[in-house]
Amino acid sequence: MNNKSKSLALHGGVIAALFALQFVLPAYHHGNLARIMVLACYAMGYNVLFGYSGLLSLGHAMFFAAGMYGMALTIQHLGFPPSAALLTGIAAAFVVSAVVGFLALRTTGVAFMIVTLMFAQAFYLAILNLGEYTRGDEGFVIQQADRIMAGVDLSDASNRYFAALILFSVCMAVTLRLVHAPAGRILVAIRENEERARMLGYDIFRHKLAAVVISGTLSGLAGAGYGLLFGYAGASFATVQYSIFPLLWVLLGGAGTVLGPLVGTLFMFYLIDLSSGLTSAYMLIAGAVLVLLTLFARQGLVGEIRRRFAPWLP
Amino acid sequence: MDLGPYLFLASLEGAVTAAVLALTAVGLSLVFGVMRVVNVAHGEFFMLGAVLAWWVASLAGGHPAIGFALAVLVAPVIAGAIAAAADFIVLKRLDYDPENTIVATIGILYIIQQTVLMTYGPDARPVEAPFSYRIYFPWFGYSAYKLFVIAAAVAILLGVWAIMARTRIGLVLRATQLDRETAQAFGIPVERVYALVFGLGAGLAALAAVLIVPIQQAHYLMGGDPLLLSFIVVIIGGLGSLSGTVVAAIIIGMSDGIISVFFTPTLAKIIATLLVAFILVFRPTGLFGTRSA
Amino acid sequence: MIIKKNKPVIETRRNVLKTLAIGAGAAAGASILPGFVRYAQAQSSAPIKIGFQVHRTGIGAAYGRWYDRTTMAAAKLINDNGGINGRPVEIVAEDDGTDPKRGAEVVEKFATQHNCDIGFGTLFSHVVIGSAPRAGELKLPYFVVSEGHHVASGMLNRYTLQPGITDVKSQVQAMAPFVASTLGKKVTMIFPDFAFGHDHRDYFSAAVEAQGGEVLAKIAIPPTESSFTKYFPQIPSGTEVIYHVMVGPAVLTFVKEMGEFFGPNRPEIFGFIDSLEAVDLGSSGLEFLEGTYFWEGNPRYAQADQSEHDKFYREAVGVDDNGASISDPKDVSTYSHMFGCWETLHIVKAGMEAAGYQGPADRAKLIEAVEAMTDMPLSREHPQGAKRFNGKTHQTFGHQYISRVESGRLVLAHTTSIEDTLYPDETDYTTQSF
């Protein structure tokens, strides 16, 4: 079996396992996994930019929120059906990421971090400032009646799980397709040595912009999906904290691996959920785990597996 | 109020913001310049300074000035020692790899923040100012302590400048900043210099917090804003340039005050934020930097 | 874990989790969770589990601590008096981090892992709005103590109720007659630039204009702000009254800087106590508040004509006559809000008893029983004052208090009637199916 078919078998297997899990999981974990899959889409989107292209953004909450509000506001104020709203959410994230990418990519490194952070902060403040439509920090409910897509009620637990699985599969397929495509390899080449890639004649800016747009749009898809599946849109999803989360998930799971984002999101979710039972300072445990990871598993969980056992992992 | 006095007041407020910001950001800039790492936990050392100041002041009793003076001496030292220990235990072992350092300092951020929550609690607690004189301008009243904060920050910054420019320690720091390997080859104990710099950076942030805590209150989540703002200042000022950092702090602090005169408050924040983004978009090395970030 | 009848069972989440840990480890083991077994065996004496969504961390933590204490005191009282329908009450507390996403997760945990009978206790509006859809979908009765207008506005669902605390719309509009007639008709408002502040802005402006008053300026402060002096020059010179309401850890800075700015020549000042909730009025820099007025949800300082019920409630929670903790006079309570936890738990008890509540199958009956409630007299169960519950809008209405700062204490100056706080219904949840 060559590496590509091994990889396809593995990722197909993961989807199949996630599909099968819905029949055995108890209600609580069933619900959690649906949420984790949607959040993992966000992390996968982030990973396209950070893991494969080496660009560290601190503003991805802006793309997540663009998708969420692009979806929710059109339902709330224009009466869009959810399928059309989902598309406007994706379109909103596409436009925002294209504009921000075009501007921010004039910078690199730490300046890129700050520029994305600043745009995201302005975006967050704008959500508050437009409180008349967005209800600011308080946010608003997307009513159950507005969450019936093509006859399927997304507020139902098993429908939600299935929808989350579809979202997750789409994001994973996009990521896999990208890393196996020549364009994906060029991104890795840019990450490893931008100057050399430039000398080979690649249009660096165009490739990076594509990475920002793909990354931002996937994040927006996750945001729109999250709002539709869980029935709420609020400004807290646009705060800095929600820009740092995908970074943590990706680093934990393994930057530049296709499965890393899912593993990282899953790990972090249960870390917080279980440690919150032990102490109200559960973020203390999360902090200690982060420090330990950097000391003992620098490439993240999947990254370490790839390094030690399976160098073929994409 | 007329525009003139209003601008005067906004400038005063901007100057206080700028003074505290400059101190905090110079600490971050030192770490950045010498060690080439991003310390995401910098804001937490600021917060530690404020919380320790409350602790020292409440233990001291007597006239508020006694507690405040003790806090100025003690809080930065403790915060600096904790930072140096973190450098020694964690960052050194990461070989200061940029990405891993970011994750590790995010971890340290949570550890500090949550430890404070568990011990000090979730309240915002005030520390009394060493003196509570109020200056009466014809149009408004103003706290004299705020003017003291500006003066104190200027004095401390001059001190930092003197250390960097005139002392042997400063020479060692500058040498390490320019070229780590060569410095090591010339017998500079780079490891200890790094721990010292990390501690010094944290100490400056803590000192800034001690100055501000009689105006604001000590709260376990107060580290977020100073972190963001000092980041911005360090980048705008140009990486590793201490004087650039100070100038950028003045620009950011003053514009925060003055833009608020002309726009509704939240709109002013949006404009100020976008301004920073566009400065970087069109001058990616910062206003005074020569080196790309 | 064997639970004897009538024994107070106030459990921390830690103990509950210890019991559940065995089951939680095995992913497929829901049906063998120890909790289930006990429930099946001891139908009549199994505790009624109340999921308590509490702000232990995040921006609401100072409120959360007092919500926690009040809830535990109320649960202890209920258990000491024989529990609910003869069954003890067990409080299962989970931290929501004052975050809507975590809040929704916590509600799911109550419904599907802890198998709680109801969810209860949330304060911050964005957590309520983020969690309520999940509570509705999981059919978990969700009793919030938030004072937001979200319940009565019709945004939420039939499973979400706010029977123990009044909402911001009724509070704000009830202040307008007093402000306009006693303090002045030209008002400048200072409020945080997010939904809570906008509610104040919109409802108060309308109400004060109805009184022949006028709002000269509306100064919205960005929520990320930590210094405020630069905004005070925007207060127009003709202002007779300043109306302020701020929340968050920077509130003391705000009030102190207002004092520095005005000095002795201040206009009349009317504030919502939110600006100083959990803050000691004796803090240095607050002397200038002498003679200013505050809205209070429940008078923080024991008044001369204190009711026996307030006295009882104060003692049970551990609050002294100055509104601070008995064990630490610097630890000031959130007295204007936390009574809502006490009253809500007692309403839950009354509702469950009226519905003959046995278990989760009776959740709809519980909601119908609460919807049927109307007048609740001043009593041990309702120490803040009489209430009038509106079953259609799921929102309670009650007296509001206006206090004046005298010698550094808040002294009650005016009590509004319940009628002052009423407004036309905006929704009817009873038309929704369960």
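Residues numbered from 1 in each chain as written. Chains lettered and ligands numbered in written order. Predicted model: local features only at pLDDT ≥ 70, side-chain atom pairs only at ≥ 80, totals over all residues. Heavy atoms only, no water.

What to know about the domain arrangement of chain C
Residue and element names in this part refer to chain C.
Here is step 1 of the chain: The domain architecture assigned to chain C consists of domain 1 (13-166 + 337-398) and domain 2 (168-296 + 399-421).
Here is step 2 of the chain: When each unit is reduced to the centre of its C-alpha atoms, the spacing between domain 1 and domain 2 is 32 Å.
Here is step 3 of the chain: Taken together, the contacts link 14 residues of domain 1 with 17 residues of domain 2.
Here is step 4 of the chain: Contact between domain 1 and domain 2 buries roughly 1,400 Å² in total, counting both sides, with carbon and sulfur atoms accounting for 49%.
Here is step 5 of the chain: The largest contributions to the domain 1 side of the interface with domain 2 come from Glu147, His149 and Gly398, which together make up 36% of the buried area.
Here is step 6 of the chain: Where domain 1 packs against domain 2, one counts one salt bridge.
Here is step 7 of the chain: Every element with two or more residues in the side of domain 1 that touches domain 2 is listed here: strand S12 (387-390) and strand S13 (395-398).
Here is step 8 of the chain: Of the residues contributing to the side of domain 1 that touches domain 2, the split by class is four nonpolar, seven polar and three charged. (Domains from an automatic or database assignment. Contact = heavy atoms within 4.5 Å. Buried area = accessible area lost by both parts, 1.4 Å probe. Salt bridge = Lys/Arg side-chain N within 4 Å of Asp/Glu carboxyl O. Helix = DSSP H or I, 4+ residues; strand = E, 2+ residues; numbered from the N terminus. Nonpolar A, V, L, I, M, F, W, Y, C, P; charged D, E, K, R; others polar.)

Examining the pattern of salt bridges
Opposite charge on two side chains permits them to pair, given that their charged atoms come into close proximity.
Here is step 1 of the chain: For the coordinates displayed, the defined rule picks out 43 salt bridges over all chains.
Here is step 2 of the chain: A salt bridge links C:Lys76 to C:Asp80, with the shortest nitrogen-to-oxygen separation between them at 2.9 Å. On the criterion of helical spacing, the pair formed by C:Lys76 and C:Asp80 is a turn pair, its members being four residues apart in helix H3 (residues 61-80).
Here is step 3 of the chain: Overall, C:Asp80 belongs to the partly exposed group, its relative accessible area being 42%.
Here is step 4 of the chain: Bridged by salt links that share partners, the residues A:Arg35, A:Arg147, A:Arg160, A:Asp273, C:Glu94, C:Lys101, C:Arg102, C:Glu105, C:Glu108, C:Lys109, C:Arg134 and C:Glu137 form one connected network. (Buried < 20%, exposed > 50% of the residue type's maximum accessible area, 1.4 Å probe, protein only.)

Concerning the sheet that holds strand S1 (residues 48-54) of chain C
Residues and elements named next belong to chain C.
Here is step 1 of the chain: The five strands are arranged S2-S1-S3-S4-S5 in an open sheet whose pairing can be described as parallel. Looking along the sheet, the strands with just one partner apiece sit at the ends: strand S2 (89-95) and strand S5 (160-161).
Here is step 2 of the chain: Relative to S5, strand S4 (residues 142-143) runs parallel, the two being bridged by two bridges. Following the sheet pairing, Tyr142 is matched in S5 by Thr160.
Here is step 3 of the chain: Strands in contact with helix H4 (residues 100-113) are S1, S2, strand S3 (118-120) and S4; relative to S2, the strand with the most contacts, it is inclined by about 150 degrees. (Pairing = 2+ DSSP bridges. Axes fitted to C-alpha atoms, helices over the stretch in contact; angles between N-to-C directions.)

Some thoughts on the packing of aromatic side chains
Here is step 1 of the chain: With the rule as written, the count across this model stands at 49 aromatic pairs over all chains.
Here is step 2 of the chain: Taken together, a centroid distance of 4.7 Å and an interplanar angle of 20 degrees make the contact between C:Phe272 and C:Trp295 stacked. Of this pair, C:Phe272 sits in strand S9 (residues 268-272) while C:Trp295 sits in strand S10 (residues 293-296), and the two are 23 residues apart along the sequence.
Here is step 3 of the chain: For C:Phe272, a relative accessible area of 1% puts it in the buried group.
Here is step 4 of the chain: The rings of B:Phe8, B:Phe137, B:Trp139, B:Phe140, B:Tyr142, C:Phe228, C:Phe232, C:Phe254, C:Phe261 and C:Phe262 are connected pair by pair, giving a single aromatic cluster.
Here is step 5 of the chain: Between B:Lys92 and the ring centre of B:Phe88, over which it is positioned, the NZ or CZ distance is 3.9 Å.
Here is step 6 of the chain: Its guanidinium or amino end placed over the ring of C:Tyr423, C:Lys169 lies 4.7 Å from that ring's centre, counting from NZ or CZ. (Phe/Tyr/Trp six-rings, centres within 6.5 Å; stacked < 30°, edge-to-face > 60°. Lys NZ or Arg CZ within 6 Å of the ring centre and 35° of its normal.)

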